[in-house]
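What the coordinates show
Chain by chain, the residues:
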Amino acid sequence: MIRKLFDKVFSRGRKAAPDRHPVVPGPSTIPVGQHGVTRDRISNNARRVTDTLQSHGYKAYVVGGAVRDIMLDRTPKDYDVATDATPEQVNAVFRRSRIIGRRFRLVHVMFGMDTIEVSTFRASQVSADHHQHKDEHGRLLRDNVFGDQAEDAVRRDFTVNALYYDPSTEEVIDYCGGVRDLEHRTLRMIGDPVERYREDPVRMLRAVRLAAKLGLNIERHTEAPIRELAPLMQNVPASRLFEEMLKLLLSGHAVACVERLRSQGLHHGLLPMLDVILEQPLGERFVMLALARTDERILEDKGVSPGFLFAALLWHEVLAAWNAAKDRGVPPVPAMHEAMDQVLSVQAEKISIPRRFGVDMKEIWLLQWRFEQRSGKRPYRVLESPKFRAGYDFLLLRCESGEVDAEVGDWWTRFQDASDGDRETMLLPPDKGAPKKRRRRRRPADAAGGDAPSLNGPEGGDA
Ligand code: ATP
Ligand code: MG
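Residues numbered from 1 in each chain as written. Chains lettered and ligands numbered in written order. Predicted model: local features only at pLDDT ≥ 70, side-chain atom pairs only at ≥ 80, totals over all residues. Heavy atoms only, no water.

In this section: the overall build of the protein chain. Across its full length, the protein chain holds 25 helices and ten strands. Across the 463 residues of the protein chain, 53% fall into the buried class. Contacts in the protein chain between residues far apart in sequence, at least 24 positions, make up 71% of those at least 6 positions apart. In the structure as shown, the protein chain presents an accessible area of about 20900 Å², 49% of it carried by carbon and sulfur atoms. (Helix = DSSP H or I, 4+ residues; strand = E, 2+ residues; numbered from the N terminus. Buried < 20%, exposed > 50% of the residue type's maximum accessible area, 1.4 Å probe, protein only. Contact = heavy atoms within 4.5 Å. Areas by Shrake-Rupley, 256 points an atom, 1.4 Å probe, with all protein chains shown as cover.)

What follows is the structure, given as structure tokens:
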């Protein structure tokens, strides 16, 4: 589809895509006969939003990732709509809608579980300069000055993300050469990349994620400044970083993304300690295996738990802190609580892992200690844990990465399906199944002998 379109629209006398983004030449309006994206390719809800806004006299287009993905013959993950109606006007048109965001105000229009994001055309940099708030590094703190469609186009990040599709006319409007860049499989920043990364350092992450997900090459001027500007990621608010990390890790291309992040030097700023973990061979093997499994599950449309994923990313850090505490003579369970709290609190400063994921992560980590206990009644209680499945999958990954003897994973594989009689015979003798009981010290509830370590560890709290 793209090749046909390119030949029709751009072939006459054009050379290959130039290195630098050209000055915005005014929009090309591309009819359906040339691009082939008929309105039935657009979700019903997105069409309802554009139709309704248009019937109220506003302009409204499907924009961004959805247009890009359809033109690449992919199914869009979600739909964004751009309009000249203000957030208040959009909100007034749709009964089930609400205005969200501070830095970037937009409207969510809800249809059952589905949400369409509607944003008002943003003003260009020049006309908005006086009103935009930036920090000392040039990062935009607010971007709420409204403009027209052409201005909105150049405020977007990449040329391939600045295509507007009007479902009522089935036309694509291209201000920045996005169609040509799609044809060349090129991801190109609109405007001056350095300035655009300074305005919003998350665009560096987006470049890596979109290139990996869509198989695009990052144009060289778009790619060149990333390594040097990577430290700007430190100024991004923790909650936004978490959101972007999650998008990246759940893109179905996490392995490719992380490899690319490392080659760009971007992983340092992302997940504190991830760089340290990736430098240890066992840690790297484990993280990459976990990411590969996540990619497989996503591509097979199976669910993925963010708690599991973050537990895997940080496991070797927890392991190191756990071992260090045990070496200091702290009994295993309090030592595990100490390690978990230490790791989660460092992460919380940089990337705020939501509390509910923190709880899941702790349960999965604590189970790892409990899997070592294979005598008496303990293995039966482990089977009853609500997080058993996740903890067990985690254990198998540890075995596969070479951290834990494969025999332990095999034992749990057999134990869960064995008959009562067989289970009895599988139990290890007490001195092999669990570390010797220590004499109870200051905190009786948390001493090593406790059967089911409580989540409310000595340090309490989580991320
Ligand atoms: P996907 O949804 O597949 O992850 P996307 O490009 O649609 O990718 P969204 O976060 O849904 O990503 O953003 C929608 C559109 O908003 C983008 O296509 C782009 O035009 C614009 N946009 C998003 N983030 C930025 C940013 N940081 N700077 C400038 N424009 C952005
Ligand atoms: Mg999107």
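Now that the structure has been shown, we can carry on.
Right, let's get into helix α23 (residues 406-417). In this model, α23 (twelve residues) spans 18 Å end to end at C-alpha, consistent with the 16 Å of a helix rising 1.5 Å per residue. Every buried residue of α23 is listed here: V408, G409, W411, W412, F415 and Q416. Looking straight down α23, one finds that the buried residues subtend no more than 155 degrees of arc, so they occupy a single side. On its buried side, α23 packs onto α20 (355-370), α21 (378-384), α22 (388-400) and α24 (420-426). (Expected span 1.5 Å × (residues − 1). Arc of directions from axis to C-beta.)

Right, let's get into the site of ligand 1. Around ligand 1, 17 residues are found, and the nearest of them are R156, D200, R203, R209 and K213. Between ligand 1 and R68, the relevant distance is 2.9 Å, taken from an oxygen atom to a side-chain nitrogen or oxygen of the residue. D78 is positioned with one of its side-chain polar atoms (N or O) 3.4 Å from an oxygen atom of ligand 1. Expressed as a share of its isolated accessible area of 590 Å², the protein-covered part of ligand 1 is 86%. For the shell around ligand 1, the secondary-structure elements that each account for two or more residues are α4 (65-71), α10 (202-214) and α13 (238-249). For the shell around ligand 1, the leading source of residues is α10, giving four residues. (Near = heavy atom within 4 Å. Polar contact = N/O pair within 3.5 Å; in protein donor to acceptor, adjacent residues only side chain to side chain.)

Another aspect to go through is the confidence of the model for the protein chain. Summary statistics for the protein chain give a mean pLDDT of 84 and a share of 82% for residues scoring 70 or more. A low-confidence stretch, residues 435-463 stays under pLDDT 50, and its non-local contacts, those more than four residues away or across chains, total 56 contacts. (pLDDT = per-residue confidence, 0-100.)

Within the structure shown, the criterion is met by 16 aromatic pairs. Judged by centre distance (6.5 Å) and plane angle (75 degrees), the ring pair of F121 and Y164 falls under edge-to-face. Of this pair, F121 sits in the loop between β6 (114-120) and α6 (125-128) while Y164 sits in strand β7 (residues 163-166); the two residues are 43 residues apart in sequence, bridging distant segments of the chain. Judged by centre distance (5.4 Å) and plane angle (70 degrees), the rings of F286 and F394 are edge-to-face. One end of the pair, F286, is in helix α17 (residues 281-299); the other, F394, is in helix α22, and 108 residues separate them in sequence. Judged by its relative accessible area of 0%, F394 is buried. Through successive ring pairs, a cluster of aromatic residues spans F371, Y380, F388, Y392, W411, W412 and F415. (Phe/Tyr/Trp six-rings, centres within 6.5 Å; stacked < 30°, edge-to-face > 60°.)

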